[in-house]
Amino acid sequence: MDEFKNEEINENIDQVESAEEVDNFDQVEEPIGEDQFESSDKDKQKRVVREIFSWVKIIVIALAVALIINNFIIINANVPSGSMENTIITGDRMIGLRTAFWFSAPKRGQVVIFKFPDNEDETFVKRVIGLPGETVHIKEGKIYINDSKKPLKEDYLKEPWIECNNYDEPFKVPKDSYFCLGDNRNVSNDGRFWNKKYVKRNKILAKAEFVYWPWSNKKIIHTADY
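Residues numbered from 1 in each chain as written. Predicted model: local features only at pLDDT ≥ 70, side-chain atom pairs only at ≥ 80, totals over all residues. Heavy atoms only, no water.

Undergrad: Explain a nonpolar patch on the surface to me, and be specific about the residues and the numbers.
TA: A contiguous nonpolar surface patch, about 850 Å² in accessible area, is contributed by Ile61, Val65, Ile68, Ile69, Phe72, Ile73, Trp102 and Phe103. Along the chain, Ile69 falls in helix α2 (residues 34-73). (Patch = residues over 30% accessible without salt bridge, like charges linked within 9 Å, V, L, I, M, F, W, Y side chains within 5 Å. Areas by Shrake-Rupley, 256 points an atom, 1.4 Å probe, with all protein chains shown as cover. Salt bridge = Lys/Arg side-chain N within 4 Å of Asp/Glu carboxyl O. Helix = DSSP H or I, 4+ residues; strand = E, 2+ residues; numbered from the N terminus.)

Set out below in structure tokens:
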């Protein structure tokens, strides 16, 4: 009786193992359908599109931020002439701060970036000398404000001022404008020679803050202390 039972049990085990082998065989041999290939390709395409879109979004945001900063916060300017030497050297690149005059007016001695009065397509950089409503006298290379007998102290000049350094008539600055001169007075094209001699307040774009290039010339652009 026991032998019969054992044979029966063994037979059942063999049947189960045989069934499992068939199932496993069927699973291994089952072919991958075309739908699965198509689904995989679509997923890859979606991932590529998402990645491209994310890069485009980053680039657009970066350009927008740069545009806002450059048009509302700073000016990145190149100086092509020597009219402001030795404060700013020919070829220097500098940063000007547009926000400097949002809540305060330009002061004497500050270096400012502005629209050239005779041609507003050009941008100039000069030092503020005469303030609104003032009278500026230039006598033998010295500057006198209004009726002062004491000339301005101009330690920033590149060299002794010998060219176009004496004027019989004073420069009378309008109420809404500034009289600006270059630090290299012997070669500077500035308010002494322009047809429109004064820079209007609303044409001043920024205060020159620092030179950043070339690296050997890097420095803060200081305001003269008056």
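Undergrad: Tell me what's going on with the pattern of salt bridges, and back it up with residues and numbers.
TA: Using the criterion set out here, one finds 9 salt bridges in the structure. With a shortest N-O distance of 2.7 Å, Arg108 and Glu134 are connected by a salt bridge. Of this pair, Arg108 sits in the loop between β2 (93-97) and β3 (111-115) while Glu134 sits in the loop between β4 (123-130) and β5 (135-139); the two residues are 26 residues apart in sequence, bridging distant segments of the chain. For Arg108, a relative accessible area of 16% puts it in the buried group. (Buried < 20%, exposed > 50% of the residue type's maximum accessible area, 1.4 Å probe, protein only.)

Undergrad: Give a description of the sheet that holds strand β6 (residues 142-145) that names residues and reports values.
TA: The strand order β6-β5-β7 describes an open sheet built from 3 strands, whose pairing is antiparallel. The strands lining the two open edges of the sheet, one partner per strand, are β6 and β7 (171-172). Where β5 and β6 come together, 4 bridges link them in antiparallel fashion. Among the inter-strand pairings, His137 is bridged to a residue of β6, identified as Tyr144. (Pairing = 2+ DSSP bridges.)

Undergrad: Break down the packing of aromatic side chains for me, with residues and values.
TA: According to the stated counting rule, one finds 9 aromatic pairs in the structure shown. On the numbers, 5.4 Å between centres and 65 degrees between planes, the contact of Tyr167 with Phe171 is edge-to-face. Among the residues examined, Phe171 registers a relative accessible area of 6% and is labelled buried. Site record: aromatic cluster; members linked through ring pairs are Phe114, Phe116, Phe124 and Trp194. Seen from the ring of Tyr156, Arg127 lies directly overhead, with NZ or CZ sitting 3.9 Å from the centre. Seen from the ring of Trp161, Arg185 lies directly overhead, with NZ or CZ sitting 4.8 Å from the centre. (Phe/Tyr/Trp six-rings, centres within 6.5 Å; stacked < 30°, edge-to-face > 60°. Lys NZ or Arg CZ within 6 Å of the ring centre and 35° of its normal.)

Undergrad: Give a detailed account of the nonpolar core, specifying residues and quantitative values.
TA: Counting 16 residues, the largest nonpolar core has Ile129, Val136, Ile138, Ile143, Phe171 and Phe179 as its most contacted members. The set of elements that each furnish at least two residues to this core consists of β5, β6 and β8 (177-181). When sequence neighbours within four positions are dropped, the list of residues in contact with Val136 reads Ile129, Gly130, Ile143, Tyr144, Ile145, Pro170, Phe171, Val173 and Phe179. Counting 13 residues, the second-largest nonpolar core is a separate cluster that includes Ile75, Val79, Met84 and Ile221. (Core = buried A, V, L, I, M, F, W, Y, C linked by side-chain atoms within 4.5 Å. Contact = heavy atoms within 4.5 Å.)

Undergrad: Quick one: what's the story with the pairing of β4, residue by residue and with numbers?
TA: Where burial is concerned, most of β4 is hidden: 7 out of the 8 residues are buried. One ladder, built from 5 bridges, connects β3 with β4; its direction is antiparallel. If you follow Val111 over to β4, its bridge partner there is Arg127. Alignment of β4 against β8, held across 3 bridges, turns out to be antiparallel. Among the inter-strand pairings, Val128 is bridged to a residue of β8, identified as Cys180.

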